[in-house]
Amino acid sequence: MATHLLRAAPTAPDALAAAAAPSTGRFLLALALIVTVAFALARLARKVRQPAVMGEIIGGILLGPSLLSLFPGNVQDHLIPPSSLPYLQLLSQLGLVLFMFGVGYQFDVGHLRTPTAKRQVAAVSLSSVALPFGLGAGLAVWLHPWLSRSELKVDGRLGPALFLGTAMSITAFPVLARILAERGLYKDRLGSISLACAAVQDFLAWCVLAAVVVVVRASGPWPLARMALESALLLAALVLLVRPGLTWLLDPARPWAGGSALSHAVLVVGVLLSAAATDAIGLHAVFGAFAFGAVVPHRPIDEFAPEVPERIEQTSLLLLPVFFTVTGLSVDVSGLGGRGLLMTAAVLLVACTGKFVGAYTAARLTAAPPREAAALGVLLNARGLTELVILNVGLGLGVIDTRLFTAMVLMAVGTTLMTGPLLERWWNPPASVERVGAGARGTGTA
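Note that this is a predicted model, so its numbers are computed, not measured.

(A) Geometry of the pattern of salt bridges. The final tally for this structure, using the stated rule, is three salt bridges. One salt bridge connects Glu424 with Arg49, and the closest N-O pair in it is separated by 2.6 Å. Taken together, the residues span a long stretch of sequence, with Glu424 in helix α20 (residues 419-426) and Arg49 in the loop between α2 (12-47) and α3 (52-62) at a distance of 375 residues. Residue Arg49 is classed as partly exposed on the basis of its relative accessible area of 37%. Close ionic contact of Arg311 with Glu307 constitutes a salt bridge, the shortest N to O distance being 3.8 Å.

(B) Representation of the packing of aromatic side chains. Scanning the model with the defined rule gives eight aromatic pairs in all. With a centroid separation of 6.1 Å and 35° between ring planes, the pair formed by Phe101 and Phe292 is classed as tilted. With Phe101 in helix α6 (residues 85-106) and Phe292 in helix α13 (residues 285-295), this residue pair connects regions lying 191 residues apart in the sequence. Overall, the relative accessible area of 1% leaves Phe101 in the buried class. Between Trp206 and Phe287 the ring centres are 5.6 Å apart and the planes differ by 85°, which places this aromatic pair in the edge-to-face class. Note that Trp206 is positioned in helix α10 (residues 189-217) and Phe287 in helix α13, a separation of 81 residues in sequence. Taken as a pair, Trp206 and Phe287 share a single burial class, namely buried. Through a chain of ring-to-ring contacts, the aromatic side chains of Phe101, Tyr105 and Phe292 assemble into a single cluster.

(C) Spatial organisation of the environment of Thr386. Tracing the sequence through the fold places Thr386 in helix α18 (residues 384-397). The exposure class of Thr386 is buried, given its relative accessible area of 2%. Taking the C-alpha atoms as reference points, Thr386 and Met100, separated by 286 residues in sequence, lie 8.9 Å from one another. Leave out the neighbours within four places in its chain, and Thr386 touches Ile170, Thr171, Ala172, Phe173, Pro174, Asp202 and Trp206.

(D) Structural detail: the nonpolar core. Counting residues in each nonpolar core, the largest one holds 112 residues, and the members touching the most others are Met100, Phe163, Trp206, Leu404 and Met408. Among the elements that make up this core, the one with the highest residue count is α10 (16 residues). The contacts of Met408, once residues within four sequence positions are left out, are Leu164, Ala167, Met168, Val347, Glu387 and Leu391. Residues Phe27, Leu63, Ile80 and Val326 belong to the second largest nonpolar core, which totals seven residues.

Criteria and thresholds
- Residues numbered from 1 in each chain as written.
- Predicted model: local features only at pLDDT ≥ 70, side-chain atom pairs only at ≥ 80, totals over all residues.
- Heavy atoms only, no water.
- Salt bridge = Lys/Arg side-chain N within 4 Å of Asp/Glu carboxyl O.
- Helix = DSSP H or I, 4+ residues; strand = E, 2+ residues; numbered from the N terminus.
- Buried < 20%, exposed > 50% of the residue type's maximum accessible area, 1.4 Å probe, protein only.
- Phe/Tyr/Trp six-rings, centres within 6.5 Å; stacked < 30°, edge-to-face > 60°.
- Contact = heavy atoms within 4.5 Å.
- Core = buried A, V, L, I, M, F, W, Y, C linked by side-chain atoms within 4.5 Å.

In short, geometric facts, not functional conclusions.
Put into structure tokens, the structure is as follows:
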């Protein structure tokens, strides 16, 4: 009898496979739904002259409780079952890491080489980082009594203040590039200056965010010093060892250079290892991905395998809707309440004021015409996808609660959606520039 029962009982791997089979099927259905919604809303966004990524972000929010909680029958769990969430979270992190590699790879200080632009770019960049940071930190101190203590993982107001200041300072470089390309301003002076400012701002914001993560996660002076030292050593290794090593390895003159397969494998492995390294240090994986993308030498890639970064970008764009959906699961507009709506209004006011006033004032002080200064303020106010990345880091750190997270996500969406219409109001490119832009449509990161 006992022998019969033992033979009939499934082995551990069989039992695991049987338990996972339904979850795998439901996961694939959820993934199909996410991609379908993202594609449909991306097409709709293009029709109304918005970046495709904004449709995907809104699609991710709509698949969360903000919309689905309004329907009876627990629709959200049927469409995206809880058993699928671990898989979706892993996919979202992979998409995020690959996306941040692209952001780092596109980081270029070439716009700063023009002597006439250096002063303006430096002034506008620093001003439109410092003012939003100060206003954001002050707003965090004011809103701190309203934050849910059960969701915060830090004591005191320093962590939330530093984080919110950093989150307010960001500009969505990839989304900004797409907006400029679609409006024919990519190679115009305004486009060059705004892209250079956005690149500098994002670099400064990521450096500050890395410092904030170290301060928040370190439990004392020694852990703080250890994380800072390990981060500095990793950055030095990437600049002094990895970059020259990649230049040598990927040189088209090497005997093993015979196609793009090597370049593709080296870059993917490199970004994954760098992301894993910063995650092991205690920082978020996106820091390693961004840093690796920034140190990758462009010359051997551009000469021998220019399609490889585009392939990695396309992979990230396929996975990013999953990240937007995972983000949307933490956004609940219907649960904001009176305080939440006031919080959202305050966040939006501070965000727009800090960026626009900071950029406009600095641009005017560096002899920019009023119309160009206003256009710069509008462009640098776009947050988009990069803001969502930072907000997810903050939510994971426990320096903000879900209500403030929701308010900040709405701010990121709102500031990006208003960029195009306001730009058309204050800056109308000539017909010749528009024709140049027509050929550039579809380029750039979504």
